[in-house]
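Spelled out, the chains give:
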Amino acid sequence: MRLNLTVNGRAMTADDVWEGESLLYVLRERLGLPGSKNACEQGECGSCTVYLDRVPVCACLVAAGQAQDREVGTVEGLADGEELSTVQRAFIDEGAVQCGFCTPGLLVAADDLIERVPEPSDAEIREALAGNLCRCTGYEKIMAAVRTAAERSGGTSGSGSSAGGDRT
Amino acid sequence: MTGATRATSPGPERIEGHAKVTGTARYAFEHPVADPLYLHPLRATIARGRVTSVDTTAAERVDGVRLVLTHHNAEALVPIGDPELAVLQSDEIAFRGQLIGAVVAETQESAAHAADLVEIRYERMAHDSDFRDDADIVYTPDADASPMLSPDLEEGDVDAALADAAFTVDATYTTPTEHHNPLEPHAVIAAWDDDGLTLHDSNQGSHLVRDLIAPLFGVDKERVSVISPHVGGAFGSKGMPHGHVALTALAARHTAGRPVKYALSRTQMFELVGYRPPTRQRVRLGADREGRLVATEHDSLEQTSRFKQYAEQSASASREMYTSPNRRVTNRLAALDVPAPTWMRAPGEAGGMYALESAMDELAVSAGIDPVELRLRNEPEVAPVSGLPFSSRNLPACLREGAERFGWHERDPRPGVRREGDWLVGTGVAASSFPSLFFPGSLATIRHESGGKYRVEIGAVDIGTGSRTALTQLAAEALEVPVEAVELWLGSTEQPHASLAGGSAGTASWGSTVVEAVRAFRTEHGHDPVSGAETTAGAGKNPDAGEYAMHSYGAQFAEVRVNADTGEVRVPRMLGVFAAGRIVNPRTARSQFLGGMTMGISMALHEHSVVDERFGHVVNHDLAGYHIAGNADVGSVEVDWIDEHDPHVNPVGVKGIGEIGIVGTAAAIGNAAHHATGVRVRDLPLTPEKFLR
Amino acid sequence: MKPFDYQRATDADSAISLVSGDPEARYIGGGTNLVDHMKLGIAEPGKLVDITRLPYDSVESLPDGRVRIGATVRNSDLAAEPVIRQRYPVLAQALLSGASGQLRNLATTGGNLLQRTRCSYFQDVTTPCNKREPGSGCSALEGWNRHHAVLGASERCVATHPSDMAVALAALDADVLVEGPDGQRTVPVTELHRLPGDEPERDTVLRHGELVTAVELPSLPFASRSRYRKVRDRASFAFALVSVAAAVELVEGTITDVRIALGGLAHKPWRATEAERVLRGAPATEETFRAAADAELAAARTLRDNEFKVPMTRNTLASVLRELTRQEGS
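Reading the values: the criteria
- Residues numbered from 1 in each chain as written.
- Chains lettered and ligands numbered in written order.
- Predicted model: local features only at pLDDT ≥ 70, side-chain atom pairs only at ≥ 80, totals over all residues.
- Helix = DSSP H or I, 4+ residues; strand = E, 2+ residues; numbered from the N terminus.
- Rg over C-alpha atoms; globule rule 2.2 N^0.38 Å.
- Buried ≥ 20, exposed ≤ 12 C-beta atoms within 10 Å, placed from the backbone.
- Contact = placed C-beta atoms within 7 Å.
- Pairing = 2+ DSSP bridges.
- Axes fitted to C-alpha atoms, helices over the stretch in contact; angles between N-to-C directions.
- Nonpolar A, V, L, I, M, F, W, Y, C, P; charged D, E, K, R; others polar.
- Domains from an automatic or database assignment.
- Parallel < 35°, antiparallel > 145°, perpendicular 65-115°, else oblique.
- Left-handed = near helix turned anticlockwise from the far one by under 90°.
- Expected span 1.5 Å × (residues − 1).
- pLDDT = per-residue confidence, 0-100.

From N to C terminus, chain C includes twelve helices and twelve strands. A compact globule built from 330 residues should have a C-alpha radius of gyration of about 20 Å, and chain C, at 19 Å, falls within 12% of that. Along the longest, intermediate and shortest principal axes, the C-alpha atoms of chain C span 60 × 50 × 35 Å. For chain C, with 330 residues in total, the buried portion stands at 61%.

Right, let's get into the overall build of chain A. A tally of helices and strands in chain A yields five helices and five strands. Each helix and strand of chain A, placed in order from N terminus to C terminus, yields the pattern β-β-α-β-β-β-α-α-α-α. Whereas a compact globule of 168 residues would reach a radius of gyration of roughly 15 Å, chain A reaches 16 Å, a difference of no more than 12%. Across its three principal axes, chain A shows a C-alpha extent of roughly 55 × 30 × 25 Å. Pairs at least 24 apart in sequence give 61% of the contacts found in chain A among residues at least 6 apart.

Residue and element names in this part refer to chain B. In spatial order, the strands read β3-β5-β1-β13-β10-β11-β12; together these seven strands make up an open sheet with mixed pairing. Every interior strand has two partners, whereas the edge strands, β3 (65-70) and β12 (224-227), have only one. On average, each strand axis in the sheet is tilted by 20° relative to the strand beside it, whichever way the strands run. Two strands pair when backbone bridges link them, and strand β10 (residues 187-193) and strand β13 (residues 260-263) are joined in this way by four bridges, in the antiparallel orientation. The partner of Ile 189 across the bridge, within β13, is Lys 261. Contacts from helix α6 (residues 243-252) reach β1 (37-43), β3, β5 (99-105), β10, β11 (196-201) and β13 within the one sheet, and its direction differs from that of β10 by about 35°.

It is worth spelling out the interface of chain A and chain B at this point. Many structure descriptions define interface size as the accessible area lost when the parts assemble. Taken residue by residue, the interface counts 52 residues in chain A and 52 residues in chain B. Mapped onto the side of chain A that touches chain B, the elements with two or more residues apiece are α2 (86-93), α3 (103-116), α4 (122-128) and α5 (140-152) of chain A. When its residues are assigned to classes, the side of chain A that touches chain B shows 25 nonpolar, 16 polar and eleven charged.

Residues and elements named next belong to chain A. Once the domains are mapped, chain A shows domain 1 (3-77) and domain 2 (86-152). One C-alpha centre belongs to domain 1, the other to domain 2; they are set 21 Å apart. Counting residues at the interface gives 13 residues for domain 1, matched by eleven residues for domain 2. At three residues, strand β3 (residues 49-52) tops the list of elements feeding residues into the side of domain 1 that touches domain 2. A class-by-class count of the residues in the side of domain 1 that touches domain 2 yields seven nonpolar, five polar and one charged.

Before going further, it helps to examine the domain arrangement of chain C. Along its sequence, chain C is carved into domain 1 (5-50) and domain 2 (225-329). Put simply, the middle of domain 1 of chain C and the middle of domain 2 of chain C, counted by C-alpha atoms, are 36 Å apart.

Here we take up the interface of chain C and chain A. Taken residue by residue, the interface counts 20 residues in chain C and 22 residues in chain A. Looking at the side of chain C that touches chain A, the elements with two or more residues in it are α2 (34-40) and α6 (101-104) of chain C. A per-element tally of the side of chain C that touches chain A places α2 of chain C first, with four residues.

What follows covers helix α5 (residues 89-97) of chain C. Residues and elements named next belong to chain C. For α5, a buried count of eight out of nine residues is recorded, marking the element as mostly surrounded by other parts of the structure. Taken together, the buried positions of α5 are occupied by Val 90, Leu 91, Ala 92, Gln 93, Ala 94, Leu 95, Leu 96 and Ser 97. Close packing links the buried residues of α5 with α3 (75-80), α4 (82-87), α6, α8 (165-171), β9 (226-232) and β10 (240-251). After α5 finishes, the residue Ala 99 shows a positive phi value of roughly 50°.

With that settled, the discussion passes to the packing of α3 of chain A against α5 of chain A. All names here are of chain A. The geometry of α3 relative to α5 is characterised by a closest axis approach of 10 Å and an angle of 40° between their N-to-C directions. When the axes of α3 and α5 are compared, the pair comes out oblique. The way α3 lies across α5 gives a crossing that is right-handed. Packed against α3, whose contacting residues are Leu 106, Ala 110, Leu 113 and Ile 114, the element α5 presents Ile 142, Val 146, Ala 149 and Ala 150 at the interface. By residue class, the composition of the contact of α3 with α5 is eight nonpolar, no polar and no charged.

Our focus in this paragraph is the packing of helix α11 (residues 467-479) of chain B against helix α12 (residues 506-525) of chain B. In helix packing, the relevant descriptors are the interaxial angle and the interaxial distance, both defined with respect to the helix axes. All names here are of chain B. Closest axis-to-axis distance for the α11/α12 pair is 9 Å, and the angle between their directions is 30°. With respect to α12, the axis of α11 lies roughly parallel. Crossing of α11 against α12: the hand is right-handed. Counted together, Ser 467, Ala 470, Leu 471, Leu 474, Ala 475, Ala 478 and Leu 479 of α11 and Gly 506, Thr 507, Trp 510, Gly 511, Val 514, Val 515 and Val 518 of α12 form the full contact between these two elements. Residues of the contact of α11 with α12, tallied by class, amount to ten nonpolar, four polar and no charged.

Before going further, it helps to spend a moment on the environment of Pro 151 of chain B. All names here are of chain B. Checked against the element boundaries, Pro 151 lands in the loop between β7 (138-139) and β8 (153-155). Given 13 C-beta atoms within 10 Å, Pro 151 falls into the partly exposed group. For the pair Pro 151 and Gln 313, spaced 162 residues apart in sequence, the C-alpha separation works out to 9.8 Å.

Here we come to unusual backbone geometry. Excluding glycine, residues mostly have negative phi values, and the peptide bonds linking residues are mostly trans. In this structure, the amide linkage connecting Leu 684 of chain B to the following residue, Pro 685 of chain B, adopts the cis form with an omega of -5°. Take Pro 685 of chain B: it is sitting in the segment after α14 (665-677). At Asp 16 of chain A, a residue that is not glycine, the phi angle is positive and equals roughly 55°. Mapped onto the elements of the fold, Asp 16 of chain A is located in the loop between β2 (10-14) and α1 (23-30). For Asp 16 of chain A, a count of 11 C-beta atoms within 10 Å corresponds to the exposed category. Of note, the phi angle at Arg 54 of chain A is positive, near 70°, even though the residue is not glycine. When you line up the elements, Arg 54 of chain A lands in the loop between β3 and β4 (55-58).

On to α3 of chain A, then. Spanning 14 residues, α3 of chain A covers 20 Å between terminal C-alpha atoms, matching the ideal 20 Å at 1.5 Å per step. Of the residues making up α3 of chain A, those classed as buried are Thr 103, Pro 104, Gly 105, Leu 106, Leu 107, Val 108, Ala 109, Ala 110, Asp 111, Asp 112, Leu 113 and Ile 114 of chain A.

Below, the discussion takes up the sheet that holds strand β6 (residues 119-124) of chain B. Residues and elements named next belong to chain B. Overall, antiparallel pairing links the three strands, which are arranged β4-β2-β6 in an open sheet. Since the sheet does not close on itself, it has two edges, and those belong to β4 (92-93) and β6, each with one partner. Here two bridges tie strand β2 (residues 49-55) to β4, and the two strands are oriented antiparallel to one another. What sits directly across from Gly 49, in β4, is Ile 93.

Here chain A shows a mean pLDDT of 91. Residues at 70 or above account for 92%. A low-confidence stretch, residues 156-168 of chain A (pLDDT under 50), is modelled with 37 contacts involving residues beyond four sequence positions or located in other chains.

Before going further, it helps to spend a moment on the confidence of the model for chain C. Scored by pLDDT, chain C comes out at a mean of 96, with 98% of its residues at no less than 70. On the interface metric, ipTM, the complex scores 0.97, and its pTM is 0.97.

On to the pairing of β3 of chain B, then. Residues and elements named next belong to chain B. Of all the six residues making up β3, five are buried; the element is thus mostly covered by neighbouring parts of the structure. As paired strands, β3 and β5 are joined by five bridges and run antiparallel to one another. Its bridge partner lying in β5, Val 68 is registered against Val 103.

This brings us to the pairing of strand β1 (residues 3-7) of chain A. All names here are of chain A. Burial along β1 is one-sided: the face carrying Leu 3, Leu 5 and Val 7 is buried and the face carrying Asn 4 and Thr 6 is not. If you look at the hairpin formed by β1 and β2, you'll find two residues sitting between the two strands, and Asn 8 has a positive phi there, around 50°. Where β1 lies against strand β5 (residues 71-73), two bridges are found, and the strand directions are parallel. Counterpart to Val 7 in the pairing with β5 is Val 72.

Residue and element names in this part refer to chain B. By secondary structure assignment, the location of Ala 145 is in the loop between β7 and β8. Classification of Ala 145 as exposed rests on a count of 10 C-beta atoms within 10 Å. Distance in space between the C-alpha atoms of Ala 145 and Ala 311 is 10.0 Å, their sequence separation being 166 residues.

Put into structure tokens, the structure is as follows:
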């Protein structure tokens, strides 16, 4: 099939796409956008999280055919040109990036969280990011980055106002 | 936890952070290559036997299929003594899931589809995959076979001392098979051309991959390039190249120069890239009335593979940890028809210290002595077995500082008496230790570019730990220039030879190399070098090697809550205080400690590769079945360290921090769970049913 | 993955005729289960009919007090619906305890109901499984069966149903609206899923080509005091070891009405009718709760690795009832 979709605001087309391959494969292997990662292929790790019609989903479980004419947003589209987005900047500042393989999916999930819940509590952050596994950082830095991003976005992160946050 | 640490400066930010948050850092599978083909492996569905026939007719008819490779048409490789790399060299099957062929096609999906259509017949032979203590399968590894092995230790009279001891513990602990599961699956792109072989590969040592793959194909090392600028985690599983690298390079021999790409599926990673072997460990401790150890016995049994021996010697954790006049330490292996185990974060120490530090807690309970105090009373003055002085040993400082910070002195020692709502609450402690290693043989090139800039090259791999950042800092410091004036190149065989990223020895080994290379550069070119001035040098032998016992230490404190109705276990709070020599970059170092402790929480609560011995494979072989700790499983984790200046370990004073964070964590959590409930669980992981009444 | 034909349906009639006329055809909704199964080689449909654009994406409050949930309503949207949160908290809690945010954003009401077991052997085409390949044997019966059934299982299959949502729906006495080539019918959700018996390959009573179009919740005023409690290995993002969905009506310390369903215990969401019988009309005491749990679990048959499910269920059910009756009294 010929797949037409909008990725990061740009209309894109891929030819000879098999309807059953994943949106993730299309992005990575056909459209030259390997930012979204393939780490489990079954929606269990969140590394492939992308926006699909503005809602974060696991791109590995979206069949290409189902992505026809839809709008996709990936980690490559978070920055505004050279200007990093708030979550991207916060992840660097707080040292929330280590091997970097879970990072793209986490950034999309965190970006969505702060959009929906401007002042997330620690419990809300942990639950919202439960679908994004990280094997290196140990999450503490990711929590700090999301709190910082929320603060910089105008919200004051609920219980994360002091070091340590709540002890759930 | 930010803010509550002693570090005054967080350290420079991660150099490749920008590339990683924008999705532009290229991992192995992502290197743009022209006209690639995709590989899907064929794998054995029996645990032992041989392939009797392969019918590839249907697979070859699938649109886009370019090659079906099996032992019938694979070329002969040069035997280099590593059975994992000798793929498709015979019809023999030594474990379930073994690589027995490959399909190469224009797309990943057509390769996978065609692979399903290959018909393979087997002659099945009886297999044994059941880990147990049985004379049929148990043996003593030859201590000369590897530097990781040590012979049994027998000092004094353990049995007599135990008989006379005021307090004793005799307990058996088990740890399960665990898989590394770095987020980035092992991946490789292989392409042959007139110049030789190029591998874009996810590994812990590009030079090591080259040094093994080149002779395997009978080509000069110079004709193999291995490129690995970014690696998405490894934890030991990418330490040695595994069969998939050989298989992909083998397949690429048939594609007329077209690159062949292969990324393992998560499920394949449970069979093809190693694992932490299960252990069964018996620990016997005896102490006098004051809690001083009079006898220590630690006997470990670990699984290995008949296909390829691996031993990590868990019991050796008890050799130099505490003083004890009588001591027996033995390590045994049980050989089975299973995939080969390999190093996994703190191999030996992670499991061994779980057993020893759990036993120490049991001793503290039976002797009625505070567990922190018990450890302090057994602090040795010199390394107990070797008799060597310690290069530095600050375990007592870690324990005292940690106890203070954690609020340990308020602890009521009685188990099972604190309840908040539905939750039983307890706290626990354990010590950590990991050897400070130095791998020789690395070289670095220092080059003065125009405008006061320096180019530093070393063929090390940054597996996500922050090596790129730490080495840039160390180079800048040695050159006495700002960090911005140094451009560091690493991650491939284009750069000078570097040792493996492992053993927590990266910064120590490569940092020393860079610093020594800078010294050599200054000697050769002075402090006002011309543009293009260049020196390549390495670190010499450490004169203190063999003169001192060199280890990092730590103390881990945990608060655990166990649900009284359901047995669910939560870890709302942990504190780790470490003494690990010089901390080069507090920002990336903290993340390493935190990551290690979190993997320790995961080891304590979740990780368990379940082997169905009838089939011989891990049945929960994906991230839905094999749980690693998620964000919601981790509460507040605090990390701090003791300022430690160790002039003996290496020229940069670094002891290594990649592994110690996981050592002791599971014991601290298990000890806290006992304090919460009064139930002593000796088998990891601490799943809810083990606490149900 | 096997090649297949893909079509996007625009109305129910054409979707149904596309699937019912072709034994190899399947509906696809959010894809979270089916796409995974296609990758694993468990499902090899010849044709996929995408139903996500059918007009079943709304939640309506009906005049008679019932609530109709369209089959393509996303799990995340359903959990956020004010009418669900207020009138049926057990359902909102069950939805939010399932999977992760990213998966709830894809998964649909109909797809969630029809998801298949997560039995490791079912998901591994290299091991025998009667559900996947009838007659090949059950690997779990004497294998690793920690997650498997203790109620209603057979010698052929000991798998459990993985849905949280379906457990809440079973407790609420929801109805499933189905359209097929022979017209419409309504199936109580408690009768939608089957016990394995001699045909473990059949998860539900649906016939080929039948399409779930909606789920209807009865009015059930006391469901505003309801609760879903899921016990799992991880604090979030794990399938249930056991789960309890319950709603209690309490009048002056006596349980006047009650609905209970259990998850993680059987091939279907397990409606706890025996427990309800003991509880109805009884005083809200610990003794009653324990007696109710024991009555329901009397028929439990455990396997090598899942004995813990009996005490875990007993304790969890008692804990939920305690909480609900305490809540009512305070």
